[in-house]
Amino acid sequence: KERVRNDSFHKNILLKLFVGVFLCPKCNMKANVADVLDLYEKRCKGNATCKDVEYKTIFTNLQHISEHACESLGIRGLKVSDLEYLDAQYEPSADCIRFPIRNVANKVVGEKILNLSDKTEKTIENYNSSGLLICNPFQKPTRVVLVSNLLDYIILSFQRFNNTSICCLPNGLKSLPQECLPCLENFKEVVFWFDFDTANWDAAKNFSKKLEEKRCFFIRPTESEPAPSKAHKKRLNLQHILNKATPMCHKSITTFNALKYDILSELQNIEKVNGVKWKRYPTLNKILKGHRKGELTILTGPTGSGKTTFMSEYSLDLALQGVSTLWGSFEIRNCRLAATLLRQYVGYSLEDKLHEFEYWTSEFEKYPLYFMTFHGQQPLKLVMEAIEHAQYIHDISHVIIDNLQFMMGTSMTQKSDKFWEQDAIITAFRSFATKNNVHVTLVMHPRKERAEDELTTSSVFGTAKATQEADNVLIIQDKRLTSLRGKKYLQIVKNRYSGDLGIMPLDFDKESLSYSLSNKKKKTISS
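Read on for an overview of the structure. In this text the structure is predicted, and so the values were computed from the model without any measurement.

What counts as what
- Residues numbered from 1 in each chain as written.
- Predicted model: local features only at pLDDT ≥ 70, side-chain atom pairs only at ≥ 80, totals over all residues.
- Heavy atoms only, no water.
- Salt bridge = Lys/Arg side-chain N within 4 Å of Asp/Glu carboxyl O.
- Buried < 20%, exposed > 50% of the residue type's maximum accessible area, 1.4 Å probe, protein only.
- Phe/Tyr/Trp six-rings, centres within 6.5 Å; stacked < 30°, edge-to-face > 60°.
- Helix = DSSP H or I, 4+ residues; strand = E, 2+ residues; numbered from the N terminus.
- Lys NZ or Arg CZ within 6 Å of the ring centre and 35° of its normal.
- Pairing = 2+ DSSP bridges.
- Contact = heavy atoms within 4.5 Å.
- Axes fitted to C-alpha atoms, helices over the stretch in contact; angles between N-to-C directions.
- Core = buried A, V, L, I, M, F, W, Y, C linked by side-chain atoms within 4.5 Å.
- 1 Å grid on protein atoms, 1.4 Å probe; cavity = no way out; pocket = protein on both sides within 12 Å on 5 of 7 lines; lining within 4 Å.
- Points joined across faces, edges and corners; volume = space filled by probe spheres on them.
- Nonpolar A, V, L, I, M, F, W, Y, C, P; charged D, E, K, R; others polar.
- Lys, Arg positive; Asp, Glu negative; His and termini not counted.
- Expected span 1.5 Å × (residues − 1).
- Right-handed = clockwise from strand over helix to strand, strands pointing away.
- Parallel < 35°, antiparallel > 145°, perpendicular 65-115°, else oblique.
- Left-handed = near helix turned anticlockwise from the far one by under 90°.

## Section: the pattern of salt bridges
Under the defined criterion, the tally for this structure stands at 13 salt bridges. The partner of glutamate 295 in a salt bridge is arginine 292, with the nearest N and O atoms 2.7 Å apart. Taking relative accessible area as the criterion, arginine 292 reaches 7% and is therefore assigned buried. When salt bridges with common partners are traced through the structure, they connect Arg430, Asp471 and Arg496 into a single cluster.

And the structure:
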């Protein structure tokens, strides 16, 4: 990315290494850099046909902030003038407060809504555009504090910290859109002040990679330095907490003294350190404790045992909880995979209920699921470039490769050893998971074993490197064809995090394509 600070036209251009995209903040135009290269080199002021694109609010009765709305927030010391300073408006019929979202050209591209009844938030933006909520009490502040919700934004805004702007992210911790990056270019320091749990800490680390780590700082996530809203309720000194912001980037060698506060944060938030809990598979929560970033999971099982079907519901459960997921389906087409995910989401087939199709698909589109367009054998370099691009643009936190053997074949010469090639691929995914703090799940075929024998860690195709590098190894055992009382179940044979091992029965419901007992109960109740 090239950053040019002292030219008004160049400031409105975001050049990104992987995508090469030109973004016009005035009309929200996106184009290939090659198409606008002549304008860039001639230092042209832009296209004469470029017109403003105005955002139209969804509300029809916006009013000035009332005393009732101000008091409903329950923030000590907050005045109506403080909310008006943020361009906030009150909608009496919906009982909510509306804040405008602006892009780098100070154009309104959306709005963030705060419901006064339950304090929930909602973001609405123009298609293909995004911006930030920024409070600039000073002309040219050099520091900006990033928060994830409106209550924190309001509280910090009326503190009027010296030489400091306050910024609220449009999508919370889910993602930091690339359209937002130019809004933060001119700040010398970027401070992340989120809540004191692991998810917030992970988001801060991922966002800092987009914003140049050298200028990024964070508030250490401990009970003595909580999120702004909690600190305000406890009457803590917010300026004192802000002054203790720590640099994001660390030296190659560290000390225990530098790590002890990270250890304290984990001990205080042990449940959140365990990861995201599955709602459809409570047994997995007891054994694996949760789904954590930065880990490598391997799933294997006999041909036709339902590996892809299980993994689709496994990933859907997490995506419904906000885990941004990227599917790399090299074995089956994306259309078929998406149809399976949709059916598992709805709980029944839409084949005879086509009138419900638009409703369910519009609901399903709200969740962070993305698909790679590869199919069959692909070079490792090409696949990794696509994954790195998706992780940067969409803040992906879970990558699924199904099936690893289908991906192999063209990344090496024809004379190369298949085992050596597979080890190189696993090494690449292991390195990516650790470096980018992303959970990678690899679906793999087992070796050819006798049908009556149970699969083990040594049954995974290839050398022992796959299971050695993995943090979790899951095996689908299917004994229905070899025994009258045979069952199908998921066996956890490796769990590096807690060491707990065990099995989870897999009872398949054909109507919903689900292995989840809770999903079946939900369908029965609705019927």
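Additional details are given in the paragraphs that follow.
## Describing the packing of aromatic side chains
On inspection of all chains with the given rule, the structure shows 13 aromatic pairs. Geometrically, the ring pair formed by phenylalanine 192 and phenylalanine 194 is edge-to-face, given 5.8 Å between the ring centres and 65° between the ring planes. In this pair, the class of phenylalanine 192 matches that of phenylalanine 194, namely buried. Aromatic side chains tyrosine 345 and tyrosine 367 sit 5.7 Å apart centroid to centroid with 65° between the ring planes, which places their arrangement in the edge-to-face category. Of the two residues, tyrosine 345 is situated in helix H13 (residues 334–346) and tyrosine 367 in the loop between helix H14 (357–364) and strand E15 (369–371); the sequence distance between them amounts to 22 residues. For tyrosine 345, a relative accessible area of 13% translates into the label buried. The exposure class assigned to tyrosine 367 is partly exposed, which follows from its relative accessible area of 26%. An aromatic cluster is built from Trp278, Tyr281, Phe310, Tyr314, Phe508 and Tyr515, whose rings are joined through pairwise contacts. Taking the ring centre of tyrosine 392 as reference, the NZ or CZ of lysine 210 above it sits at 5.2 Å.

## Topic: the sheet that holds strand E10 (residues 189–192)
If you walk across this open sheet you meet the six strands as E7-E9-E8-E10-E11-E12, and the pairing is mixed. Of all the strands in the sheet, the pair left with one neighbour each is strand E7 (133–135) and strand E12 (246–247). Where strand E11 (residues 216–218) meets E12, two bridges bridge the pair, whose relative direction is antiparallel. What sits directly across from phenylalanine 218, in E12, is threonine 246. Strands E7, strand E8 (143–147) and strand E9 (164–168) of the sheet are contacted by helix H5 (residues 150–157), whose axis makes an angle of about 165° with E9.

## Description of the nonpolar core
Within the largest apolar cluster, 38 residues are counted, with the highest numbers of intra-cluster contacts made by Leu73, Leu83, Ile97, Phe99, Tyr153, Ile154 and Trp193. With five residues, the single largest contributor to this core is H5. Every residue in contact with isoleucine 154, bar those within four places of it in the chain, is listed here: Leu73, Ile75, Leu78, Leu83, Leu86, Phe99 and Leu114. Listed in part, the 34 residues of the second largest apolar core include Tyr281, Leu342, Leu490 and Ile492.

## A look at empty space enclosed by the protein
Scanning the entire structure with this criterion turns up four cavities of 30 Å³ or more. Considered as a void within the structure, the second largest cavity measures approximately 60 Å³ in volume. Every residue lining the second largest cavity is counted, ten residues in all, and those nearest its centre are Phe194, Asp195, Asn200, Trp201 and Ile219. Counting residues per element, the lining of the second largest cavity draws most heavily on helix H6 (residues 198–210), which supplies three residues. Residue composition of the lining of the second largest cavity, grouped by class: eight nonpolar, one polar and one charged.

## Some thoughts on unusual backbone geometry
Excluding glycine, most residues fall at negative phi; most peptide bonds, likewise, are trans. Going from aspartate 402 to asparagine 403, the amide bond is cis rather than trans, its omega being 15°. If you trace the backbone, asparagine 403 turns up in the loop between strand E16 (398–402) and helix H16 (404–407). Positive phi outside glycine occurs at aspartate 95, with the angle close to 50°. Structurally, aspartate 95 is set in the loop between strand E3 (89–91) and strand E4 (96–102). Residue aspartate 95 is classed as partly exposed on the basis of its relative accessible area of 25%.

## As for the side chain of aspartate 152
Locating aspartate 152 in the fold gives a position in helix H5. Lysine 230 is the oppositely charged side chain nearest to the buried, salt-bridge-free aspartate 152, at an N-O distance of 8.5 Å. If near-sequence neighbours (up to four positions away) are discounted, aspartate 152 is found in contact with Val147, Ala227, Pro228 and Ser229.

## Some thoughts on the sheet that holds E4
Overall, antiparallel pairing links the four strands, which are arranged E3-E4-E5-E6 in an open sheet. Pairing within the sheet leaves two strands with one partner each, and these edge strands are E3 and strand E6 (121–125). Going across the sheet, the axis of each strand differs from the next one's by a mean of 30°, ignoring polarity. Sheet topology note: the strand E5 (residues 108–115)/E6 ladder contains five bridges and is antiparallel. Among the inter-strand pairings, isoleucine 113 is bridged to a residue of E6, identified as lysine 122. Strands E4, E5 and E6 of the sheet are contacted by H5, whose axis makes an angle of about 100° with E5.

## Here we look at helix H12 (residues 307–319)
Counting along an α-helix, one turn takes 3.6 residues, and residues three or four places apart therefore face a common direction. The end-to-end C-alpha separation of H12 is 18 Å, in line with the 18 Å expected for 13 residues at 1.5 Å each. When you tally the buried positions in H12, you get twelve out of 13 residues, the bulk of the element. Along H12, the residues that are buried comprise Lys307, Thr308, Phe310, Met311, Ser312, Glu313, Tyr314, Ser315, Leu316, Asp317, Leu318 and Ala319.

## Topic: the pairing of E8
E8 sits mainly inside the fold: five of its five residues count as buried. The side-chain alternation of E8 yields two buried faces, one formed by Arg143, Val145 and Val147 and the other by Val144 and Leu146. In terms of strand pairing, E8 meets E9 through five bridges, oriented parallel. Looking at E9, one finds that arginine 143 is bridged to threonine 164. Handedness of the E8-H5-E9 crossover: right-handed. Both E8 and E10 contribute to a ladder of four bridges, which runs parallel. Within E10, the residue paired with valine 144 across the bridge is valine 190.

## Describing the packing of helix H15 (residues 380–394) against helix H17 (residues 418–436)
Any two packed helices are characterised by how steeply their axes cross, that is the angle between the axes, and by the distance between the axes. Where H15 meets H17, the axes come as close as 11 Å, and the angle between the chain directions of the two elements is 15°. Classified by the angle between their axes, H15 and H17 sit roughly parallel to one another. The element H15 and its partner H17 pack so that their crossing is right-handed. Together, Leu380, Met384, Ile387, Glu388 and Gln391 of H15 and Ala424, Ile425, Ala428, Phe429, Phe432 and Asn436 of H17 make up the contact between the two elements. Residue composition of the contact of H15 with H17, grouped by class: eight nonpolar, two polar and one charged.

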